[in-house]
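# Reading the structure
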Amino acid sequence: MPEEVRHSMRTIVQALILFLFASPFLSATSRRTPISLSADDVLPTGNQWISLPDIRASDGALGTFNFLSMHHRGLLQVSGDKGSPVLQPYFTVAGKALAFRNPTWELIQYWIPSAHLAVDGLDATLTWCAPPESRAAFLRMTLTNRRTAPAEVTLGVRAAFGSIDRVTYVPVALRGERTIAPATWVDPAETFSYITTDTDFSWTLLHPGSKGAINAPPTTSTPSVDASQSKTLAPGESVEANFVLAGGIEEFSSAHNARALREQIERSGSEAIIDQTASSLASRARTTGKPDLDLLMNRNFLFTEFYAWGRTIDTEQFVGITSRSPRYYVSAAYWDRDAMLWSFPALLDSDPALARDALEYALTIQLRNTGTHSRFIDGVVLEDGFQLDEGAAPIVALAEYIKQTNDTAFIAAHRDALTRLRDGLLVRFDSATGLYSSLQDAQDEFQKLPFITYDNVLVWRALTGLAELYAGLNDSSSAADMTKRASALHEAILAHCVSGAAPGASGTIFASATDGKNFVFTDIPPGSLFKLPLLGFVPESDPTFRRTFEWLQSKNYQYSYGDQPYGLPGSYRVPFTTAWSIADELRLKAGHDKALKILLTSNWDGGIITEGVDPVTARMDQAGRAFATAAGYMAHAICQTSCIDKPT
């Protein structure tokens, strides 16, 4: 077959795949993707307001939910009683519990989890949905009688307010009164309140068609409600129950946030609301033409959008965080690097308008402490210590945003911020070496040698970006200055950051850090030397880079794992195959095939990217789960190497 014919056929097939998997006009039922889960997996979903991070795969129960709070500088997490779920759905038949255990799961448009189980002649389903822009989410339960005789059934939810925690890294229990009462002006519903000197937070469970039985203090220390409805189903007949969960800063707002979603459901029906949510999600979807990659990529695109970013319940500000899931060990804090270098590129791939909002946040609320290790969501310093890669990160993101969108009005509006970011880099300049210094490296560890190679390459990229940005502002003098500084830094890195002293190296390689005389030979996966070609500093064919790549994969490097089936370089800080290494090597010709194998072998955290995997088994790292910014980094790498469509 002639090559031009094969090319034409391949183009037609790709276009057909793109239509089938990416068209926002298909019905929700056409976008259902089965997902394989183990009994101890959880599924996250949510929107910019509410996060449902741990829906149990075993029974569809919701372990916790949370909202962002500017006042509390992190997450407000609501939990059930003594480790039990905050919301437990259940079915009964003839007064006996229906064993809804280990159902099959599918994702509607990669994000809306839906469970199904056929048991005892009945079909039961659960679907969790958080419509965009709503300060609420809802659970839809259905039951269909497949028996030949009528069945007396009940569909219900038990909700318990066991505790409320402020989460920034770790849960900190808040002390106050937890209460429950019938919702004000909204029926049937119950409102739970957390009260100190006044109501600090409130949440509501609204259950149209169901009756709620309250269990309140002082009878119990844990306010709870059991809401349910019963019906006799004829053979072939179905019943549906919806339960709306909402939050607010006090009782009226939480109840009416729930009411607004209930009214949408009453007007259009639950299926239409789920379909509308799916259509909104479809507008963000990209395709590689391969269903397994599409599922992994799009799910992590959505996870980074809804779990690395969100709106606070009290000030309604858009903020960025490492993860809105308390399952991540440093959740709910802000890093420039995580936000701007890992999550931001994914937003540009899937939701450019949201990428603009993310930049706005970085250049305003977070601007004054740019480069500082980590901050609270209001910009206040959480962990002190300067990190050069974080100082460069917003500039790199801004330059890429302008390049892709040509949004010149945005850069003009933030010219003062650009100057501040530039000056924050220039004060780190060392005239003796021509390099820029950092206190900590990209894995947040103290680095005794001040000049980190990757960080300086990133500064080179930032200076190049600054030259382009100033040229766009018609500031030719500043543009020329940045170009000159970038060129000088390029030369300084090649002069001072390479050495032939690495044990077993076949020649000079890039060191990870130097003081101009001494060298450290290691890799720092979040700021890997593998990124040098990806940043455009040297081509992948560059001899020094090729020797560096080979050395880090060899037995001469303690953390190479190169002889393991799923092994890629780690470090003493992350002694396993990291997500960053997989994403970086996916984009390199020399590492692509092995990286793709690892990516598709691991089941990750039910499909959500973690910090890495075991180099022998590809089993996910247990500590770094629900890592929302890294999810964006991996989704971007997949799309950059495999997407066959263009962003909408």
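Here the residue numbering is sequential within each chain, running from 1 through the sequence in written order. Given that this is a predicted model, residues contribute local features only at a pLDDT of at least 70 and side-chain atom pairs are listed and counted only at 80 or more, while totals for whole chains, interfaces and linings are drawn from all residues. By convention in this description, side-chain values take in all heavy atoms of the structure and omit both hydrogens and water.

### Description of the environment of Thr-364
- Strands here are runs of E lasting at least two residues and helices are runs of H or I lasting at least four, both read from the DSSP assignment and numbered beginning at the N terminus. Within the secondary structure, Thr-364 sits in the loop between α6 (352-362) and β23 (372-375).
- Looking at Thr-364, the relative accessible area reads 40%, which means it is partly exposed.
- In this structure the C-alpha to C-alpha distance between Thr-364 and Leu-293, which are 71 residues apart in sequence, comes to 36 Å. For every residue, the accessible area obtained with a 1.4 Å probe (protein chains only) is divided by the maximum for its type, and the residue is called buried under 20%, exposed over 50%, and partly exposed between those limits.

### Section: the environment of Thr-312
- Assignment of secondary structure puts Thr-312 in the loop between β21 (309-311) and β22 (318-320).
- On a C-alpha basis, the gap between Thr-312 and Ser-476 in space is 40 Å, while along the polypeptide they are 164 residues apart.
- In this analysis, two residues are considered to be in contact whenever any of their non-hydrogen atoms come within 4.5 Å of each other. In this view, Thr-312 contacts Trp-49, Leu-68, Ser-69, Met-70, Gln-317, Val-319 and Ile-377; residues no more than four positions away in its chain are not counted.
- Whenever two N or O atoms come within 3.5 Å, that pair is a polar contact, provided that in protein one can donate a hydrogen and the other can accept it, and provided that, for residues adjacent in sequence, both atoms are side-chain atoms. At 2.6 Å, the side chain of Thr-312 and the side chain of Thr-315 are in polar contact.

### Details of the nonpolar core
- By nonpolar core is meant a set of buried Ala, Val, Leu, Ile, Met, Phe, Trp, Tyr and Cys residues that side-chain atoms within 4.5 Å join together. Ranked by internal contacts, the top residues of the largest apolar core, which has 207 residues, are Trp-203 and Met-340.
- If you tally residues by element for this core, the top one is helix α10 (residues 453-472), at eleven residues.
- With five residues, the next largest nonpolar core counts Ala-442, Ile-452, Ala-513 and Ile-524 among its residues.

### Notes on the packing of helix α7 (residues 388-405) against α10
- At their nearest, the axes of α7 and α10 sit 8 Å apart, and the two run at 40° to each other. If you check the angle between α7 and α10, you find them oblique. Crossing of α7 over α10 shows left-handed handedness. Contact with α7, carried on its side by Leu-388, Asp-389, Ala-392, Ile-395, Val-396, Leu-398, Ala-399, Glu-400, Ile-402 and Lys-403, involves Tyr-454, Asp-455, Asn-456, Leu-458, Val-459, Arg-461, Ala-462, Gly-465, Leu-466, Glu-468 and Leu-469 of α10 and no other residues of that element.
- Residues were grouped as follows: Ala, Val, Leu, Ile, Met, Phe, Trp, Tyr, Cys and Pro as nonpolar; Asp, Glu, Lys and Arg as charged; and all remaining residues, including Gly, as polar. Within the contact of α7 with α10, the residues separate by chemical class into 13 nonpolar, two polar and six charged. Fitted lines through C-alpha atoms give the axes, limited to the stretch in contact for helices. The angle between two N-to-C directions lies from 0 to 180 degrees. These descriptions rest on fixed angle ranges, namely under 35 degrees for roughly parallel, over 145 for roughly antiparallel, 65 to 115 for roughly perpendicular, and the rest for oblique. By definition, turning the near helix anticlockwise from the far helix through less than a right angle yields a left-handed crossing, and turning it clockwise yields a right-handed one.

### Regarding the sheet that holds strand β4 (residues 64-69)
- One bridge is not enough; two strands pair if DSSP finds at least two bridges between them. On the basis of which strands lie adjacent, the open sheet formed by six strands has the order β2-β3-β4-β5-β13-β14 and antiparallel pairing. Where the open sheet ends on each side, the last strands, each with one partner, are β2 (42-46) and β14 (170-173). Sheet twist, expressed as the mean angle between neighbouring strand axes with direction ignored, is 25°.
- Strand direction decides the pairing type here: β2 and strand β3 (residues 50-56), joined by four bridges, are antiparallel.

### Section: the state of the cysteines
- For the purposes of this analysis, a disulfide is any pair of cysteine sulfur atoms at a distance within 2.5 Å. Under the definition given, this model contains one disulfide.
- A sulfur-sulfur distance of 2.1 Å marks the disulfide that ties Cys-639 to Cys-643. Because the sign of the S-S torsion sets the handedness, a value of about -115° for the bond joining Cys-639 and Cys-643 places this disulfide among the left-handed ones.
- The class for Cys-639 is buried, based on a relative accessible area of 5%.

### Regarding the sheet that holds strand β12 (residues 151-160)
- Taken in spatial order, the five strands line up as β7-β6-β12-β19-β18 in an open sheet, and their pairing is antiparallel. Edge positions in the sheet fall to β7 (96-97) and β18 (211-215), since each of these pairs with one other strand and no more.

### Quick look at the environment of Ala-353
- Among the secondary structure elements, Ala-353 is positioned in helix α6.
- Taking the C-alpha atoms as reference points, Ala-353 and Thr-405, 52 residues apart in sequence, are found 9.8 Å from one another.

### Description of helix α14 (residues 579-586)
- Counting buried positions over the eight residues of α14 gives eight, a clear majority of the element.
- Within α14, burial applies to Ala-579, Trp-580, Ser-581, Ile-582, Ala-583, Asp-584, Glu-585 and Leu-586.

### Digging into unusual backbone geometry
- Note that the residue after Asp-187, namely Pro-188, is joined by a cis bond; omega there is -5°.
- Position of Pro-188 among the secondary structure elements: in the loop between β15 (177-182) and β16 (189-195).
- The step from Pro-217 to Pro-218 runs through a cis peptide bond, and the omega angle for that step is 5°.
- The phi angle at Trp-185 is positive, at roughly 65°, despite the residue not being glycine.
- Within the element layout of this structure, Trp-185 appears in the loop between β15 and β16.
- A relative accessible area of 68% places Trp-185 in the exposed class.

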